[in-house]
Amino acid sequence: MSKIVVVPGTTANRTEYISRLRQVTNQGFAQIKTCIESGMPLVQWELFLNNHDEVAKKITALLDIQNEGLGDIRFYELMPDEAFEDCPLATCEVTPSALRGILAKHADERDRL
């Protein structure tokens, strides 16, 4: 089990970017703006719990936002009890393709059961 921490980055189209982030994360405009400006996490979700399908859909939606070029989003994989502030970011960061792979592998394994 691990958790994914989401840190929104910069964008040229801030209004559209924040709007899409709000739709996925249910966070307010001011909170998203603060996280973009400070480089702090916007949300964090634990993977592989009872709500995994819902979390996977949200993460996939964020990956799609990044893939569409609306803005930079960084993803970090931490242990459930690990704090973002204590994580060496270079070793905790997970690429979008690796994250998609983690989600796909879990879905494949679940489908085999």
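Heads up: the structure comes first, above all this text.
Everything numeric in this text was worked out from a predicted model, so none of it was measured.

Participant: What am I meant to see in the packing of aromatic side chains here?
Facilitator: In this description, a pair of aromatic rings is defined by centroid distance and the angle of the planes. Counted according to the given criterion, the structure contains one aromatic pair. When the ring of Tyr 76 is compared with that of Phe 84, the centres are 5.4 Å apart and the planes differ by 70°; the resulting orientation is edge-to-face. No difference in accessibility class separates Tyr 76 from Phe 84, as the two residues are buried.

Participant: Is there a simple way to think about the pattern of salt bridges in this case?
Facilitator: Any two side chains of opposite charge can pair, given that their charged atoms come close. Tallied over the full model, the rule gives seven salt bridges. Across the pair Glu 68 and Arg 20 runs a salt bridge, and its minimum N-O distance is 2.8 Å. Here Glu 68, found in the loop between α3 (52-67) and β3 (73-78), pairs with Arg 20, found in helix α1 (residues 14-25); they are 48 residues apart in sequence, far enough to count as distant. Looking at Glu 68, the relative accessible area reads 48%, which means it is partly exposed. For Glu 37, the salt bridge goes to Lys 33, with nearest N and O atoms at 3.8 Å. Taken as a pair, Glu 37 and Lys 33 lie in helix α2 (residues 29-38) at a separation of four residues, close to a single helical turn. Several salt bridges converge on common partners, so that one network encompasses Arg 14, Lys 33 and Glu 37.

Participant: Can you walk me through the sheet that holds strand β4 (residues 93-94) in this structure?
Facilitator: Sheets are built from strands paired through backbone hydrogen bonds, the pairs being either parallel or antiparallel. Spatially, the four strands line up as an open sheet ordered β2-β1-β3-β4, and their pairing is antiparallel. Both outer strands of the open sheet, β2 (43-46) and β4, are each paired with one neighbouring strand and no more. In this sheet, β3 lies alongside strand β1 (residues 3-8) in antiparallel orientation, the contact comprising six bridges. Looking at the pairing, Ile 4 lines up with Glu 77 of β3.

Conventions and cut-offs
- Within every chain, residues take consecutive numbers counted from 1 along the sequence as written.
- For a predicted model such as this one, the threshold for reporting local features is a pLDDT of at least 70, and the threshold for listing and counting side-chain atom pairs is 80 or more; totals across whole chains, interfaces and linings nevertheless cover every residue.
- In computing side-chain values, all of the structure's heavy atoms are included and hydrogens and water are not.
- Ring pairs shown here join Phe, Tyr and Trp side chains whose ring centres sit within 6.5 Å, with only the six-membered ring taken for Trp; geometry is labelled stacked below 30 degrees between planes, edge-to-face above 60, and tilted in between.
- For every residue, the accessible area (1.4 Å probe, protein chains only) is compared with the maximum for its type, and the residue is labelled buried under 20%, exposed over 50%, or partly exposed between those bounds.
- Every case where a carboxyl oxygen of Asp or Glu lies within 4 Å of a side-chain nitrogen of Lys or Arg is listed as a salt bridge.
- Secondary structure is summarised from DSSP: a helix means a run of H or I of at least four residues, a strand means a run of E of at least two, and numbering begins at the N terminus for each.
- DSSP-based pairing: two strands are paired if at least 2 bridges between them are found.

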